[in-house]
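# Observations on the three-dimensional arrangement
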Amino acid sequence: MSVEDGGLPGLGRPRQARWTLMLLLSTVMYGAHAPLLALCHVDGRVPFRPSSAVLLTEMTKLLLCAFSLLVGWQAWPQGAPPWRQAVPFALSALLYGANNNLVIYLQRYMDPSTYQVLSNLKIGSTALFYCFCLRHRLSARQGLALLLLMAAGACYAAGGLQDPRDILPGPPPAAAAGPMPLHITPLGLLLLVLYCLISGLASVYTEMLMKQQRLPLALQNLFLYTFGVLLNLVLHVGSGPGPGLLEGFSGWAALVVLSQALNGLLMSAVMKHGSSITRLFVVSCSLVVNAVLSAALLRLQLTAAFFLATLLIGLAVRLYYGTR
């Protein structure tokens with residue numbers, strides 16, 4: 001398995017085991033995000049500002065990177081601090097910031113189910129930017145694997161989980177008497193395409209930047225998250241009046257922030273030593289973790305669509321990373 005395919009050739013068993021453990025941890029953290037957010041709900045809604053959670057996550061990443069450099073876990077480069085190399089990370093932070101805000105804005109122009117299904121197009125956009133910007137060619141087998149990955153995401157989003165209350169006999173509750181119909185406006189479709197393009201570009205551009213620079217990963221993350229904190233601080237302040245920065249936070253909310261911060265650092269390691277394609281597989285495999293945790297913690301029921309999606313993900317992994 002090559003670096004471009006997400007592996008690390010020539011590693012001994014201990015380091016290969018650590019790499020595998022890192023990918024598994026990231027998969028679990030991605031999958032746990034939505035169930036943990038659901039556990040934060042009070043009276044059916046999140047009691048804190050979403051911008052607060054994003055800002056605190058970026059601040060936690062920044063502090064962890066600074067701590068890593070201060071205690072010497074990663075050595076500071078020789079000579080003067082290469083601050084000029086920090087400037088390109090501003091574009092990464094801007095792309096990720098635009099992407100995170102588009103996710104919220106898109107909900108105005110389509111229903112959540114349509115968004116979940118169509119957002120899987122970002123797998124295709126990431127693959128296109130990966131081939132174009134990093135000049136890597138995907139084989140027909142790898143291309144088929146990514147198509148299966150897109151199909152798995154769409155299949156899971158279309159009905160991988162079901163609330164048991166939706167299948168109980170008798171009339172539906174009053175609150176559910178008028179469910180939101182499937183819909184998407186022309187503007188929503190245009191914004192969704194923009195979202196998928198930005199998502200793919202942000203991932204591939206950050207990977208390209210991290211691999212081109214011969215700097216410690218912690219220092220590169222320090223650059224990236226400094227810009228991330230500044231950008232999200234501006235967005236938080238500019239979002240208007242609302243709850244305070246820590247208002248409404250609970251132990252579950254703190255766990256959401258910490259897990260997302262750690263996952264962000266793990267994904268940075270994947271980008272530097274693996275590839276954006278590996279990240280796609282991690283995110284897709286996290287659907288299985290998400291479903292299992294939702295069934296265990298939120299008592300949602302797994303449907304046939306979930307098992308079909310799991311099968312497609314397994315086939316995609318086998319096709320892309322299996323022996324050729």
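Going by what an unreviewed UniProt entry lists, the protein is known as Probable UDP-sugar transporter protein SLC35A4 and is assigned to Echinops telfairi. For the protein, the Sequence similarities (unreviewed entry) comment in UniProt is given as "Belongs to the nucleotide-sugar transporter family. SLC35A subfamily." As stated in UniProt under Subcellular location (unreviewed entry), the record for the protein gives "Golgi apparatus membrane".

Across its full length, the protein holds eleven helices and two strands. Of the regular secondary structure in the protein, the N- to C-terminal order runs α-α-α-α-α-α-β-α-α-α-α-β-α. Taken across its 324 residues, the protein has 43% of its residues classed as buried. Taking as baseline every contact in the protein between residues at least 6 positions apart, the subset at least 24 positions apart corresponds to 89%. When the accessible surface of the protein is split by element, carbon and sulfur atoms take 69% of a total near 17,100 Å².

Moving on to unusual backbone geometry. With phi around 55°, Arg 135 is a residue other than glycine that occupies positive phi space. Within the secondary structure, Arg 135 is located in the loop between α5 (121-134) and α6 (140-159). Judged by relative accessible area, Arg 135 falls into the exposed class, the value being 73%.

So, on to the packing of helix α1 (residues 13-40) against helix α10 (residues 276-297). Interhelical geometry of α1 versus α10 gives an angle of 45° and a closest axis separation of 7 Å. Here α1 is positioned oblique relative to α10, judged by the angle of their axes. The two elements α1 and α10 meet at a crossing, and its hand is right-handed. Across the interface between the two elements, Leu 23, Ser 26, Thr 27, Val 28, Tyr 30, Gly 31, Ala 32, Ala 34, Pro 35 and Leu 39 from α1 touch Thr 278, Arg 279, Val 282, Val 283, Cys 285, Ser 286, Val 289, Asn 290, Leu 293, Ser 294 and Leu 297 from α10. Split by residue class, the contact of α1 with α10 holds 13 nonpolar, seven polar and one charged.

Moving on, we get to the packing of helix α9 (residues 251-273) against α10. The geometry of α9 relative to α10 is characterised by a closest axis approach of 8 Å and an angle of 140° between their N-to-C directions. When the axes of α9 and α10 are compared, the pair comes out oblique. Only Ser 276, Thr 278, Arg 279 and Val 282 of α10 make contact with α9, whose side of the interface consists of Met 267, Val 270 and Met 271. Here the residues of the contact of α9 with α10 are counted per class, giving four nonpolar, two polar and one charged.

Looking now at the pattern of salt bridges. Applying the stated criterion across every chain, the model contains two salt bridges. The salt bridge partner of Lys 61 is Glu 58, with a shortest N-O separation of 3.2 Å. In this pair, Lys 61 and Glu 58 both sit in helix α2 (residues 50-70), three residues apart, roughly one turn of the helix. Here Lys 61 and Glu 58 have matching classes, each one buried.

The next point concerns the side chain of Gln 260. By the element assignment, Gln 260 lies in helix α9. According to the relative accessible area criterion, Gln 260 is buried, its value standing at 17%. Residues contacting Gln 260, with those up to four places away along its chain left out, are Met 29, His 33, Thr 57 and Lys 61.

The next point concerns the environment of Leu 312. Tracing the backbone through its elements, the reader meets Leu 312 in helix α11 (residues 304-321). The spatial distance from the C-alpha of Leu 312 to the C-alpha of Cys 155 is 9.2 Å, given a sequence separation of 157 residues.

With that out of the way, let us pick up the packing of aromatic side chains. Within the structure shown, the criterion is met by six aromatic pairs. Centre to centre, the rings of Phe 89 and Phe 223 are 6.0 Å apart; their planes meet at 50°, and the pair counts as tilted. Here Phe 223 lies in helix α8 (residues 217-238) and Phe 89 lies in helix α3 (residues 89-106), a separation of 134 residues in the sequence. The buried category is assigned to Phe 89, whose relative accessible area is 0%.

Along the polypeptide, Thr 126 turns up in helix α5. Separated by 73 residues in sequence, Thr 126 and Ser 199 have C-alpha atoms that sit 7.2 Å apart. Thr 126 has contacts with Gly 200, Ser 203, Val 204, Ser 276 and Leu 280, leaving out every residue within four places of it along the chain.

The rules behind these values
- Throughout this document, residue positions are counted from 1 along each chain, in the order its sequence is written.
- For a predicted model such as this one, the threshold for reporting local features is a pLDDT of at least 70, and the threshold for listing and counting side-chain atom pairs is 80 or more; totals across whole chains, interfaces and linings nevertheless cover every residue.
- To obtain the side-chain values, all non-hydrogen atoms of the structure were included, while hydrogens and water were left out.
- UniProt positions are given in the numbering used here, feature names are shortened, and annotations may be inferred rather than shown by experiment.
- Counting from the N terminus, the helices are DSSP H or I runs at least four residues long and the strands are E runs at least two residues long.
- Buried residues are those whose accessible area, probed at 1.4 Å on protein chains only, stays under 20% of the maximum for their type, while exposed residues exceed 50% and partly exposed ones sit between those limits.
- Two residues form a contact once any of their heavy atoms are found within 4.5 Å.
- In these tables, accessible area is a Shrake-Rupley quantity obtained with a 1.4 Å probe, and a residue counts as shielded only by the protein chains included in the view.
- Under this scheme, a helix contributes an axis fitted over its contacting stretch, all axes are lines through C-alpha atoms, and angles between N-to-C directions fall in the 0 to 180 degree range.
- Angles below 35 degrees are treated as roughly parallel, those above 145 as roughly antiparallel, those between 65 and 115 as roughly perpendicular, and all remaining angles as oblique.
- Crossings are sorted by hand: turned counterclockwise from the far helix by less than a right angle, the near helix makes the crossing left-handed, and turned clockwise it makes it right-handed.
- Classes in brief: Ala, Val, Leu, Ile, Met, Phe, Trp, Tyr, Cys and Pro nonpolar; Asp, Glu, Lys and Arg charged; the others, Gly included, polar.
- Any carboxyl oxygen of Asp or Glu that lies within 4 Å of a side-chain nitrogen of Lys or Arg is treated as forming a salt bridge with it.
- A pair of Phe, Tyr and Trp rings is counted when the ring centres sit within 6.5 Å of each other, with Trp represented by its six-membered ring. The angle between the planes then sorts it: under 30 degrees is stacked, over 60 is edge-to-face, the rest tilted.

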